[in-house]
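Observations on the model geometry
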Amino acid sequence: MNKHHVVFISTPSFGNLLPTIQFARHLTHRDPRLSATLLIITVPQRTIVNSYIQSLSSSVTDVNFIYLPSVQPPSPDQCQSFLGYLSLVLDKHKVHVKHVISELMSSSTRSTLAGLFVDMFTTSMIDVAKQLGIPCYLFFASPASFLGFMLHLPALDTQLATDFVDSDTGLIVPKDSAIELIIPSFEKPLPPNMLPTSVLKRNKDGYSCYLNHARRYKETMAIVINTFLELEPHAIDSLSVSGLPPVYPVGPILDLAGAAQWHLDGAQQDCIMKWLDEQPPSSVVFLCFGSMGSLDGPQLREIAIGLERCGHRFLWSIREPPKGKLDLPGEHSNLAAVLPVGFLDRTAGFGLVCGWVRQVDVLAHRAIRGFVSHCGWNSILESLWYGVPIATWPVYAEQQMNAFELVKELGLGMEIRLDYREGRDLVLAEELERGLRRLMGGEDDEVRTKVREMKSKSRVALMENGSSYKSLGSLIQEICGRIEGLNFEDK
Ligand SMILES: *[C@@H]1O[C@H](CO)[C@@H](O)[C@H](O)[C@H]1NC(C)=O
């Protein structure tokens, strides 16, 4: 059989990498004509990501992994953000990516190179695709609402500069409270304090990175989004306008089994699952703030007080703040030291504090009733898949916008905070307590009911003839059609 080969290059962060790998596998399972290769960029500071890829590349056989040669790392002083650093790293990798793809193109006579997939932050590789004359696609692992924001950002930039930017600080704040941010992918005006932290600082390199990436999305042949029509009908509809590449919602693409294939501490995970087994059905609140989320000491103490006061059973994942600018959070060596004195003893009967945890396995457990989440898009999709209602506590990236969409537009989340910023805000114990009462409350709660409906819609979307199933079929037709010529016929 004549194989079509698809190559992926992903940002070395869990939020992008995990869904990219799953999407690559999903694509090849759907159509045996397709095969996939993932090009891996290694950032030495991200040891957890690196060990994840290592364990995955030894257990996943349906995707081919190629490690790109390491490059002389840029000095972290040259940039203000991880995104800024990443663009420098990517620039240095371009020559290697070009080399590896050229090799792939010439080495195999039985397969054709059908396309290169970049993600939201690896857009500079579009240049490589152009030089080699291969079609380039975008795999977008955040919601359609945020894709709409990104596509609108180049136009919005002018309005931000005139109506919003404080000339002294460079920060985006409305100059007049009557001025609203209208973004086509959101039904309601977006309060400016929902923008990602990097975007709020218009004079910093994070902002210019977002803007540069956003400008390039339109140069791709098509955009694949990890979402589904039934979840974000308005946002997806807003993207079908002329001048934009066609958009294919193919989600939810989740890493359900993959999470079990690796572990940092299998024994700890077993303890957690065993503890959950001992809890009554639908009784536990799970608190987790993502692979890059860590809260400071004062905030941890407020959470502890809130949990103790409301008395619900809880499983709480705590990570230690990163040590260096480009590091990810790590494991606390002494949890008791960051919590109120005696907290672990007093709550031992009804609560468990842990470090890194396999989130999907926890969400899938029948003991879980509610999820206090940082609202990363993968976490939202996982929670909906298992029908667990979310109370929102966004921390970084576009999570504030995700929380806004979930609570204010989709009615699928309950609000603890929408615009929380790490290091600036403090959620008080009583606020958390109020949020938990609602989250863990009655069966007939409107949000709980809607979440339950969305659970079944998310599953139907992937089934034969479901919206995402069909959308993936059309995407494959586009990919193969572009290679085989217009007379292509679906098999
Ligand atoms: C999907 O649609 C096709 C064509 O309409 C139909 O033949 C097939 O039975 C459908 N499959 C399912 C599972 O509904």
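Predicted, not measured: the structure shown is a model, and the values here were computed from it. (Residues numbered from 1 in each chain as written. Predicted model: local features only at pLDDT ≥ 70, side-chain atom pairs only at ≥ 80, totals over all residues. Heavy atoms only, no water.)

**A word on unusual backbone geometry**
Cis peptide bonds are those with omega within 30 degrees of zero, and the linkage from Gly251 to Pro252 qualifies with 0 degrees. Here Pro252 is to be found in the loop between strand 7 (247–249) and helix 9 (266–277). Positioned with a positive phi, Ser282 is a non-glycine residue whose angle comes to about 50 degrees. Within the element layout of this structure, Ser282 appears in the loop between helix 9 and strand 8 (284–288). Of note in the backbone geometry, Asn465 takes a positive phi value of approximately 70 degrees without being a glycine. Assignment of secondary structure puts Asn465 in the loop between helix 17 (446–462) and helix 18 (467–484). Residue class for Asn465 comes out exposed when judged on its relative accessible area of 54%. (Helix = DSSP H or I, 4+ residues; strand = E, 2+ residues; numbered from the N terminus. Buried < 20%, exposed > 50% of the residue type's maximum accessible area, 1.4 Å probe, protein only.)

**Here we look at the domain arrangement of the protein**
Much of the literature gives interface size as the accessible area that the parts lose upon coming together. Parsing the protein into structural domains produces domain 1 (3–146 + 202–255 + 463–484) and domain 2 (266–455). For domain 1 versus domain 2, the separation of C-alpha centres amounts to 29 Å. Contacts between the two partners involve 27 residues from domain 1, matched on the other side by 24 residues from domain 2. Summed over both partners, the interface of domain 1 with domain 2 buries about 2,200 Å², with 69% contributed by carbon and sulfur atoms. For domain 1, the biggest contributors to the area lost against domain 2 are Arg46, Leu231 and Leu254; these three give 25% of the whole. Along the contact surface separating domain 1 from domain 2 lie zero salt bridges. Linking domain 1 with domain 2 are four residue pairs in polar contact (both at pLDDT 80 or more), by the criterion used here. (Domains from an automatic or database assignment. Contact = heavy atoms within 4.5 Å. Buried area = accessible area lost by both parts, 1.4 Å probe. Salt bridge = Lys/Arg side-chain N within 4 Å of Asp/Glu carboxyl O. Polar contact = N/O pair within 3.5 Å; in protein donor to acceptor, adjacent residues only side chain to side chain.)

**Looking at the sheet that holds strand 13 (residues 413–415)**
The parallel open sheet is built from six strands, whose spatial order is 10-9-8-11-12-13. What marks the edges here is a single partner per strand, and that holds for strand 10 (351–354) and strand 13. Each strand of the sheet is rotated relative to its neighbour by a mean of 20 degrees, with strand direction disregarded. Across three bridges, strand 12 (residues 390–392) lies against strand 13 in parallel orientation. Looking at the pairing, Ala391 lines up with Met414 of strand 13. Along the sheet face, helix 15 (residues 399–409) touches strand 12 and strand 13 and points at about 105 degrees away from the line of strand 13. (Pairing = 2+ DSSP bridges. Axes fitted to C-alpha atoms, helices over the stretch in contact; angles between N-to-C directions.)

**A short note on helix 18**
In an α-helix, one full turn covers 3.6 residues, which means residues spaced three or four apart are oriented alike. Along its 18 residues, helix 18 runs 25 Å from first to last C-alpha, staying within 8% of the 26 Å computed at 1.5 Å per residue. Buried within helix 18 we find Ser467, Ser468, Ser471, Leu472, Leu475, Ile476, Glu478, Ile479, Cys480 and Gly481. (Expected span 1.5 Å × (residues − 1).)

**Focus on the side chain of Ser317**
In this structure, Ser317 sits in strand 9 (residues 313–317). A polar atom in the side chain of Ser317 sits 2.9 Å from the backbone oxygen of Gly355. Non-local contacts of Ser317, meaning those with residues more than four positions away in its chain, are made with Leu287, Cys288, Phe289, Cys354, Gly355 and Val357.

**As for the packing of helix 3 (residues 82–107) against helix 7 (residues 205–216)**
To characterise two packed helices, one gives the angle between the axes of the helices and the distance between these axes. Running from amino to carboxyl end, helix 3 crosses helix 7 at an angle of 55 degrees, the nearest separation of the two axes being 7 Å. Considering the angle they form, helix 3 stands oblique to helix 7. Judged by residue contacts, Leu83, Gly84 and Ser87 of helix 3 engage Asp205, Gly206, Cys209 and Tyr210 from helix 7. A per-class count over the contact of helix 3 with helix 7 returns three nonpolar, three polar and one charged. (Parallel < 35°, antiparallel > 145°, perpendicular 65-115°, else oblique. Nonpolar A, V, L, I, M, F, W, Y, C, P; charged D, E, K, R; others polar.)

**So, the nonpolar core**
Nonpolar side chains in soluble globular proteins generally cluster together in the buried interior. Phe140, Phe149, Trp316, Val372 and Trp393 are the most contacted members of the largest nonpolar core, which has 130 residues in total. Taken domain by domain, this core gets at least three of its residues from each of domain 1 (3–146 + 202–255 + 463–484) and domain 2 (266–455). Contact partners of Phe149, with chain neighbours within four places excluded, come to Leu156, Ile183, Ser185, Leu195, Val199 and Met401. In this structure, Leu18, Leu27, Ile48 and Tyr52 belong to the second largest nonpolar core, which totals 37 residues. (Core = buried A, V, L, I, M, F, W, Y, C linked by side-chain atoms within 4.5 Å.)

**Considering the sheet that holds strand 5 (residues 136–140)**
Strand order in the open sheet formed by seven strands is 3-2-1-4-5-6-7, and the pairing between neighbours is parallel. With one partner strand each, in any of the chains shown, strand 3 (64–67) and strand 7 form the two edges of the open sheet. Within the sheet, the average angular offset between the axes of one strand and its neighbour, ignoring direction, is 25 degrees. With respect to the sheet, helix 1 (residues 14–30) is in contact with strand 1 (3–9), strand 2 (34–40), strand 3, strand 4 (111–119), strand 5 and strand 6 (223–225), its orientation differing from that of strand 2 by roughly 160 degrees. Most of the contacts of helix 18 go to strand 7, to which it runs at about 140 degrees, and overall it touches strand 1, strand 2, strand 4, strand 5, strand 6 and strand 7.

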